[in-house]
Amino acid sequence: MLSRVANNLIWLDRYMERGNGILSLLKVNFLANQDSPELFSWTPIIKNFTNSENEFYTEDAIECIDFMVFNIGNSNSILNIVTKARENARSVQEHISRELWLCINNYYLYLTNRDLPRRLREEDPIEFLEDLRKHHLIYYGTSDVTQERGPSYYFMSIGKFLERVIQISDFTEFKLMEIGNTSDSLEKSFYWKNLLLSIGGYQLYLKTHKSTFNEEHVIRLVFQEKSFPRSVYYCVNKLSWYITKLIDANELEKTNLEFLIGKLESSIKYTTVESIKEQGLQNYINGIKQDIRNISMNINSVYLSNIN
């Protein structure tokens, strides 16, 4: 496969996964902000997903959502993310299903409708955000049902799970900063609940523990739960599987890629919660993010160094 094609396939799914995560975060924070604006500020979200030179300071929920969805000066606005995903998809149309291309193109056309910003201001913001998230869910379903299993699908999946690990780590860091600013156990439980809602783990947590939000239980679910598709372990395990498939198909060279992903997978699987707390959750997250960066750079060096 051409290096350019592999790169575009990876970023196609990275962008779509990023957009879905941002929309989930916006929805959860809007609801929490309505109840407790003093606890759930918009500032951390805006700071993390905007350019450093882009000055945007407000606690008005609608203004923040509008900025995160439509502002073309924000590289991580949903409009910009979907536009970039569409550009990647268009350049690799021969490698993706027609249904998947139409799915992305229809989403782009929906976002660029001139009447859409007015809906945000005149209708329920939650319904507005949910309508956008449906396009991402349709994308996932369309990809799963129509995309042939082979190198294209594997590269796309690598992009998706790389982005998902980064997002889970970022979202957890948000909450750690907020938790560090309070000694109130009830407020801390609110933040843990908010994290679980943001990554889709709230219902699973309640079914598993049926209790208040215990830090150790949350850490185990977010980072080590094998059956939760948005846990770090699950994502790294999937990354390992798809990387192995690409190596077997001679689309990736072994180099030390298998070692890096295997090391990270084992580290997450066998590190105890007690050990994580001993070294500090922030340090543990930083280690995971560094390992993911090394894996991503290793993949880039393999297929970008030999452009066909």
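Use the structure listed above.
Asker: Can you tell me about the packing of helix α1 (residues 3–35) against helix α4 (residues 78–91), naming the residues and giving the values?
Answerer: α4 packs onto α1 with a crossing angle of 155° between their chain directions and a minimal axis gap of 8 Å. It follows that α1 is roughly antiparallel to α4 by the angle criterion. Judged by the twist between their axes, the crossing of α1 over α4 is left-handed. Residues Arg4, Asn8, Trp11, Leu12, Tyr15, Met16, Arg18, Gly19, Ile22 and Leu23 of α1 form the contact with α4, whose participating residues are Ile78, Ile81, Lys84, Ala85, Asn88, Ala89 and Ser91. Residues that form the contact of α1 with α4 fall into these classes: ten nonpolar, four polar and three charged.

Asker: Please provide a residue-by-residue account of the side chain of Glu163, values included.
Answerer: Here Glu163 shows up in helix α8 (residues 151–179). Separated by 2.9 Å, the side chains of Glu163 and Arg18 make a polar contact. Dropping the residues within four chain positions of it, Glu163 is found in contact with Arg14, Glu17 and Arg18.

Asker: Account for empty space enclosed by the protein, naming residues and giving values.
Answerer: The final tally for this structure, using the stated rule, is one cavity of 30 Å³ or more. Here the largest cavity is characterised by a volume of approximately 40 Å³. Counting only elements with at least two residues in the lining of the largest cavity, the list comes to α1, α2 (43–48) and α8. Here the element with the most residues in the lining of the largest cavity is α8; it accounts for three residues. For the lining of the largest cavity, a count of residues per class yields four nonpolar, three polar and two charged.

Asker: Please give an account of the packing of aromatic side chains that cites residues and values.
Answerer: Evaluation of the coordinates by the stated rule reveals 15 aromatic pairs. Pairing Phe40 with Tyr191 gives two aromatic rings, centres 5.3 Å apart and planes at 70°, and the pair type is edge-to-face. Here the residue Phe40 occupies a position in the loop between α1 and α2, and Tyr191 occupies one in helix α9 (residues 185–199), the gap between them amounting to 151 residues. The buried category is assigned to Phe40, whose relative accessible area is 5%. A connected cluster of aromatic rings, assembled from ring pairs, spans Tyr153, Tyr154, Phe161, Tyr234, Trp241 and Tyr242. One residue, Arg14, lies across the ring of Trp11, its end atom 4.4 Å from the ring centre. Positioned above the aromatic ring of Tyr153 is the side chain of Arg149, whose terminal nitrogen or guanidinium carbon lies 4.1 Å from the ring centre.

Each value, and the rule that gives it
Residues numbered from 1 in each chain as written. Predicted model: local features only at pLDDT ≥ 70, side-chain atom pairs only at ≥ 80, totals over all residues. Heavy atoms only, no water. Axes fitted to C-alpha atoms, helices over the stretch in contact; angles between N-to-C directions. Helix = DSSP H or I, 4+ residues; strand = E, 2+ residues; numbered from the N terminus. Parallel < 35°, antiparallel > 145°, perpendicular 65-115°, else oblique. Left-handed = near helix turned anticlockwise from the far one by under 90°. Contact = heavy atoms within 4.5 Å. Nonpolar A, V, L, I, M, F, W, Y, C, P; charged D, E, K, R; others polar. Polar contact = N/O pair within 3.5 Å; in protein donor to acceptor, adjacent residues only side chain to side chain. 1 Å grid on protein atoms, 1.4 Å probe; cavity = no way out; pocket = protein on both sides within 12 Å on 5 of 7 lines; lining within 4 Å. Points joined across faces, edges and corners; volume = space filled by probe spheres on them. Phe/Tyr/Trp six-rings, centres within 6.5 Å; stacked < 30°, edge-to-face > 60°. Buried < 20%, exposed > 50% of the residue type's maximum accessible area, 1.4 Å probe, protein only. Lys NZ or Arg CZ within 6 Å of the ring centre and 35° of its normal.

Everything listed is a geometric property; what it means functionally is a separate question.
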